[in-house]
Amino acid sequence: MNALILLTKTVTNGVKAKDSTEQVSDLAEQAEKTTKSLSTGVFQQWLEDQIPHVISFATLVLLAILVWFIGMKVTKFIRKLVRRALERHNVEVGIRQFVDACVKVICYIALIALILRVFGIEATSLAAVVASLGVTAGLALQGALSNFAGGVLILLLKPFVVGDYIVEDTHKNEGTVAEISIFYTKLHTVDNKTIVIPNGVLANASLTNVTHSDTRLLDLEVGIGYEDDIRKAKEVLKDLAMKEEKRLPESTLSVFVKNLGDSSVVMGLRFEVKTEDYWEVRFRTLENMKYALDNAGISIPYPQMDVHSKA
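Scope of this entry: the structure provided in the associated data block. (Residues numbered from 1 in each chain as written. Predicted model: local features only at pLDDT ≥ 70, side-chain atom pairs only at ≥ 80, totals over all residues. Heavy atoms only, no water.)

1. What to know about the overall build of the protein
Let me state the cut-off plainly: Each helix is a run of DSSP H or I of at least 4 residues and each strand a run of E of at least 2, with the numbering of both proceeding from the N terminus. Throughout this description, buried means an accessible area under 20% of the type-specific maximum (1.4 Å probe, protein chains only), exposed means over 50%, and partly exposed covers the range between. Contacts: residue pairs with any heavy atoms within 4.5 Å of one another. Accessible areas in this description were obtained via Shrake-Rupley with a 1.4 Å probe; residue shielding takes into account the shown protein chains only.
Helix and strand counts for the protein stand at 7 helices and 8 strands. For the protein, the residues scored as buried account for 25% of the 311 residues in total. Excluding contacts between residues fewer than 6 apart, the proportion of contacts in the protein whose partners are at least 24 apart in sequence is 64%. Summed over its atoms, the accessible surface of the protein is roughly 21600 Å², and 61% of this surface lies on carbon and sulfur atoms.

2. Focus: the side chain of Asp 228
Using the following cut-off: Within this scheme the basic residues Lys and Arg register as positive and the acidic residues Asp and Glu register as negative, but His and the chain ends are omitted. By definition here, a salt bridge exists when the distance from a side-chain nitrogen of Lys or Arg to a carboxyl oxygen of Asp or Glu is within 4 Å. Here a polar contact is recorded for every N or O atom pair within 3.5 Å, except that within protein the pair must consist of a potential hydrogen donor and a potential acceptor, and residues adjacent in sequence are included only if both atoms are side-chain atoms.
Its location among the elements puts Asp 228 in the loop between strand 6 (215–224) and helix 6 (230–242). Buried within the structure, Asp 228 lacks any salt-bridge partner; Lys 232 is the closest side chain of opposite charge, at an N-O distance of 8.0 Å. Side chain to side chain, Asp 228 and Ser 299 meet in a polar contact 2.8 Å long. Ignoring anything within four residues of it in the chain, the contact list for Asp 228 reads Gly 297, Ile 298 and Ser 299.

3. Observations concerning the sheet that holds strand 3 (residues 184–188)
Using the following cut-off: Between any two strands, pairing holds if DSSP finds at least two bridges. In this analysis an axis means a line fitted to C-alpha atoms, helices contributing only their contacting stretch, and an angle means the value between N-to-C directions, from 0 to 180 degrees.
Here we have 5 strands laid out as an open sheet, ordered 4-3-2-1-5, and antiparallel in their pairing. Strand pairing shows two members of the sheet lacking a second neighbour, strand 4 (194–198) and strand 5 (207–209), which therefore form its edges. The sheet shows a mean angle of 40 degrees between the axes of neighbouring strands, direction not considered. By the bridge criterion, 4 bridges tie strand 2 (residues 173–180) to strand 3 in an arrangement that is antiparallel. Pairing of Thr 176 across the sheet is with His 188, part of strand 3.

4. A few points about the pattern of salt bridges
In total, this model carries 14 salt bridges according to the counting rule given. Between Glu 221 and Lys 258 there is a salt bridge, with the nearest N and O atoms lying 2.9 Å from each other. Of the two residues, Glu 221 is situated in strand 6 and Lys 258 in strand 7 (residues 254–260); the sequence distance between them amounts to 37 residues. Given the relative accessible area of 37%, Lys 258 is considered partly exposed. Residues Lys 243 and Asp 239 are paired through a salt bridge, measuring 3.3 Å at the closest nitrogen-oxygen approach. Overlapping salt bridges bring together Glu 244, Lys 246, Asp 277, Glu 280 and Arg 284 as one network.

5. Focus on a nonpolar patch on the surface
The test is simple: To count toward a patch, a residue needs a relative accessible area over 30% and no salt bridge; like charges are then connected within 9 Å, while nonpolar side chains (Val, Leu, Ile, Met, Phe, Trp, Tyr) are connected within 5 Å.
On the surface, Leu 63, Leu 66, Phe 69, Ile 70, Val 74, Phe 77, Ile 78 and Leu 81 cluster together to form a nonpolar patch covering roughly 730 Å² of accessible area. Among the structural elements, Ile 78 can be located in helix 1 (residues 2–88).

6. Things to note about the pairing of strand 1 (residues 165–168)
Of the two faces of strand 1, the one holding Tyr 165 and Val 167 and the one holding Ile 166 and Glu 168 are both buried throughout. Relative to strand 2, strand 1 runs antiparallel, the two sharing 4 bridges. Of the residues in strand 2, the one forming a bridge with Tyr 165 is Thr 176. Between the end of strand 1 and the start of strand 2, which pair antiparallel, lie 4 residues, with Lys 172 showing a positive phi angle near 60 degrees. Where strand 1 meets strand 5, 3 bridges bridge the pair, whose relative direction is antiparallel. If you follow Glu 168 over to strand 5, its bridge partner there is Leu 207.

Below, the structure written as structure tokens:
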């Protein structure tokens, strides 16, 4: 009887323990479900709160793109009007290029300020930020301002214009002026290269304008032997120059002894041609000088060295 009672108590305690374990497990599952539900609800609520902001920002981006597209069209139209107005008044090409570049920069600055305004950024705030940079902004813009001032001086003083062939003496850059922009001047070389030189450099350094005048003096020289007849050589060179079709007839023709060299008598030949004909006439005359002197039996010496050895 006692054994039966003891067995009954043991079974009852086991059932209670099992019920307690199941209850704890159920509570844990419910807590996990509640946690997930809360997390999902918070994320969903945050996402729902952000949707209006995302839509608003996307709208601003689309509006900014639209403003940029329209602004580019307006800028192109304004530049076209300005160019036509300058062309009607026969304004110099360099000034037209400079003014066009200025209008382009001003329109771009206005367009950027308008786009910043779309995003709620005031132009005055941006200017205040730039001003607060102080010395740093000044140093950064120093070179640009110097080049801009140089461009203005070039257009006012006109040491050269678009189409002139210039030689920048400091760095020996040379070519035909193709464009005078706000900050830089572009040169096209004879071998089809483009050289970009800051306007500040051109405004503050010496340069040679080769094609500023309509005419140019052709100055050539050739050496003849000391044993050759100088008078005959002068006649040959003068006759050669007289036959040159592109020599300006009103110009002075000079044939002279330019120098007494170490191994030759250096003869000089000078006459004027049109600037656009200079290189053509120069190359042709140099070649014809060689032929003419050879046909006249006049030698053109070249440096020689005699070496004597003693046995």
